[in-house]
Amino acid sequence: MLGKHKALAVALAVIIAAGFAYFPSDDGQTARATADTRRFVLILAGASGQSESEKFDLEVAARTETLTSTCMKSHGFQYPPKNPHSVVDVEDASDFSSLDYARKHGFGISVFPHFTPEATAAKSYLKTLSAASLKAYDATLPGCVDSSQRTTEKEYGIPEANSEWARVDGEVQHDRRYQSTLETWRSCAAAAGHPAQSRLALITDLRKEYTSVMAGIQDGDLPQDQLAALAAQNPTWRKFHRSELDAAVATFPCSQAADRIYVSIFLQYLNRNS
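This write-up is about the structure you can find in this document. Everything quoted here is computed from the prediction, not taken from an experiment. (Residues numbered from 1 in each chain as written. Predicted model: local features only at pLDDT ≥ 70, side-chain atom pairs only at ≥ 80, totals over all residues. Heavy atoms only, no water.)

**With respect to the packing of aromatic side chains**
The relative placement of two aromatic rings is captured by the distance of their centres and the angle of their planes.
Here is step 1 of the chain: On inspection of all chains with the given rule, the structure shows 9 aromatic pairs.
Here is step 2 of the chain: A connected cluster of aromatic rings, assembled from ring pairs, spans Phe40, Phe56 and Tyr156.
Here is step 3 of the chain: In this structure, Arg32 is placed above the aromatic ring of Tyr156, and the distance from its NZ or CZ to the ring centre is 5.3 Å.
Here is step 4 of the chain: Sitting above the plane of the Phe96 ring, Arg199 keeps its charged end 4.3 Å from the centroid. (Phe/Tyr/Trp six-rings, centres within 6.5 Å; stacked < 30°, edge-to-face > 60°. Lys NZ or Arg CZ within 6 Å of the ring centre and 35° of its normal.)

Written out as structure tokens, the structure is:
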């Protein structure tokens with residue numbers, strides 16, 4: 001199982017809506033949301049490829065930024081929409097379909113994301129605000145970001161996609177063919193020196209270890225580039241990074257076979273219920 005969609009950076013972490021009331025103004029918007037729901041379901045299932053996943057992330061980020069800008073303007077503030085690459089790191093996002101990625105980044109656990117620098121225009125504008133206006137700006141922005149994110153999620157049919165993916169994935173997990181596939185994966189991974197119940201379980205254990213490693217490294221809220229440099233000098237981090245890469249590369253053939261079968265069965269259940 002590939003699991004839920006990878007988290008987006010900053011305000012877009014974990015795309016699951018929480019009840020924002022949005023009503024499409026016409027059938028065209030409804031049709032687009034329906035199409036995007038299926039589009040996202042296929043991404044969640046790992047059936048669309050990494051490039052489509054990256055494209056979707058950037059579209060969602062761009063739309064959220066545009067809506068945030070409009071919202072802030074309605075409150076009397078300027079907010080130039082950020083470059084989506086400044087809030088979404090598609091370059092280093094986990095890619096389970098690429099052996100080159102596994103060799104360089106493992107499962108993506110110990111990656112330090114890289115973002116396009118924020119436009120100077122936004123910083124320049126903030127410097128023009130009085131202390132009172134800046135306080136009001138800071139108080140207004142979170143609400144605009146939140147409402148814009150929720151609206152974007154509804155426009156793209158994301159809540160429905162998460163629900164549909166969970167339903168179909170549940171069927172796949174109980175399918176005897178996939179249960180047999182998992183048994184094969186376990187045998188393959190164990191033979192490769194990384195016994196685990198599944199790739200997800202292997203990654204979960206590694207993430208727990210990484211959390212412990214980083215707890216001994218991180219000193220305050222450092223920028224990602226400084227934190228990356230600090231980690232690279234730490235023997236414990238380097239040891240973990242090597243072990244992550246080894247696990248990802250060693251189990252890559254096992255996972256590729258399992259992923260193909262997962263997608264095949266997933267599509268059968270999805271299309272049967274469409």
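Let's pick the thread back up.
**Concerning the nonpolar core**
Here is step 1 of the chain: Within the largest apolar cluster, 23 residues are counted, with the highest numbers of intra-cluster contacts made by Phe107, Ile109, Phe112, Leu206, Tyr210, Met214 and Trp237.
Here is step 2 of the chain: For this core, the elements supplying multiple residues, two or more each, are α7 (176–191), α8 (199–215), α9 (224–232) and α10 (235–272).
Here is step 3 of the chain: Counting 22 residues, the second largest nonpolar core, distinct from the first, contains Val41, Trp165, Val172 and Ile265. (Core = buried A, V, L, I, M, F, W, Y, C linked by side-chain atoms within 4.5 Å. Buried < 20%, exposed > 50% of the residue type's maximum accessible area, 1.4 Å probe, protein only. Helix = DSSP H or I, 4+ residues; strand = E, 2+ residues; numbered from the N terminus.)

**What to know about the side chain of Ser69**
Here is step 1 of the chain: Tracing the backbone through its elements, the reader meets Ser69 in helix α2 (residues 50–74).
Here is step 2 of the chain: Its relative accessible area of 16% is what places Ser69 among the buried residues.
Here is step 3 of the chain: Sequence-distant contacts of Ser69, that is, excluding residues within four places in its chain, are made with Tyr79 and Pro81. (Contact = heavy atoms within 4.5 Å.)

**Looking at the pattern of salt bridges**
Here is step 1 of the chain: Applying the stated criterion across every chain, the model contains 15 salt bridges.
Here is step 2 of the chain: A salt bridge links Arg63 to Glu155; its shortest N-O distance comes to 2.7 Å. Taken as a pair, Arg63 in helix α2 and Glu155 in helix α5 (residues 131–155) lie far apart in primary sequence, 92 residues in all.
Here is step 3 of the chain: Relative accessible area serves as the criterion here: at 29%, Arg63 is assigned to the partly exposed category.
Here is step 4 of the chain: Across the pair Asp259 and Arg199 runs a salt bridge, and its minimum N-O distance is 3.0 Å. In this pair, Asp259 sits in helix α10 while Arg199 sits in helix α8, placing the two residues 60 residues apart along the sequence.
Here is step 5 of the chain: According to the relative accessible area criterion, Asp259 is buried, its value standing at 13%.
Here is step 6 of the chain: With relative accessibility at 7%, the residue Arg199 sits in the buried group. (Salt bridge = Lys/Arg side-chain N within 4 Å of Asp/Glu carboxyl O.)

**Concerning the environment of Val88**
Here is step 1 of the chain: Along the chain, Val88 turns up in the loop between α2 and α3 (99–105).
Here is step 2 of the chain: On the basis of relative accessibility, which here comes to 3%, the residue Val88 falls in the buried class.
Here is step 3 of the chain: Residues Val88 and Thr116 lie 28 residues apart in sequence; the distance between their C-alpha atoms is 8.8 Å.

**Brief notes about empty space enclosed by the protein**
Any space left empty among the atoms is revealed by the rolling of a water-sized probe across them.
Here is step 1 of the chain: Considering all chains together, one arrives at 1 cavity of 30 Å³ or more under this definition.
Here is step 2 of the chain: Each pocket or cavity is described by its volume, and for the largest cavity that value is around 80 Å³.
Here is step 3 of the chain: Contributing to the lining of the largest cavity are Asp95, Phe96, Ser98, Ala102, Gly106, Phe107, Arg199, Ala248, Thr251, Phe252, Ser255 and Gln256.
Here is step 4 of the chain: Broken down by element, the residue count for the lining of the largest cavity peaks at 5 residues, all from α10.
Here is step 5 of the chain: Split by residue class, the lining of the largest cavity holds 5 nonpolar, 5 polar and 2 charged. (1 Å grid on protein atoms, 1.4 Å probe; cavity = no way out; pocket = protein on both sides within 12 Å on 5 of 7 lines; lining within 4 Å. Points joined across faces, edges and corners; volume = space filled by probe spheres on them. Nonpolar A, V, L, I, M, F, W, Y, C, P; charged D, E, K, R; others polar.)

**Thoughts on the environment of Thr236**
Here is step 1 of the chain: Relative to the assigned elements, Thr236 resides in helix α10.
Here is step 2 of the chain: Measuring from C-alpha to C-alpha, the distance between Thr236 and Tyr210 comes to 9.8 Å, with 26 residues separating the pair along the chain.

**Observations concerning the state of the cysteines**
Here is step 1 of the chain: If you walk through the whole model with that rule in mind, you get 2 disulfides.
Here is step 2 of the chain: Between the sulfur atoms of Cys71 and its disulfide mate Cys144 the distance is 2.1 Å. Classification of the bridge connecting Cys71 and Cys144 rests on its S-S torsion, roughly -70°, and on that basis the disulfide is left-handed. On the criterion of sequence distance, the pair formed by Cys71 in helix α2 and Cys144 in helix α5 is long-range, its members being 73 residues apart.
Here is step 3 of the chain: Paired through a disulfide, Cys188 and Cys254 show a sulfur-sulfur distance of 2.0 Å. Taking the sign of the torsion about the S-S bond as the criterion, the disulfide between Cys188 and Cys254, at about -75°, is left-handed. (Disulfide = S-S within 2.5 Å.)

**Let's talk about α8**
Here is step 1 of the chain: For α8, built from 17 residues, the straight-helix expectation of 24 Å at 1.5 Å per residue is met to within 8% by its first-to-last C-alpha distance of 24 Å.
Here is step 2 of the chain: Where the residues of α8 are buried, they touch α7, α9 and α10. (Expected span 1.5 Å × (residues − 1).)

**Points about the packing of α2 against α5**
Here is step 1 of the chain: In the contact formed by α2 and α5, the axes pass within 8 Å of each other and the chain directions differ by 135°. Comparing the axis directions of α2 and α5 gives the class oblique. The way α2 lies across α5 gives a crossing that is right-handed. Of the residues in α5, those in contact with Val60, Arg63, Thr64, Leu67, Thr68, Cys71 and Met72 of α2 are Tyr137, Thr140, Leu141, Cys144, Val145, Ser147, Ser148, Gln149, Thr151, Thr152 and Glu155. (Axes fitted to C-alpha atoms, helices over the stretch in contact; angles between N-to-C directions. Parallel < 35°, antiparallel > 145°, perpendicular 65-115°, else oblique. Left-handed = near helix turned anticlockwise from the far one by under 90°.)

Shape is all these values report; function is a separate question.
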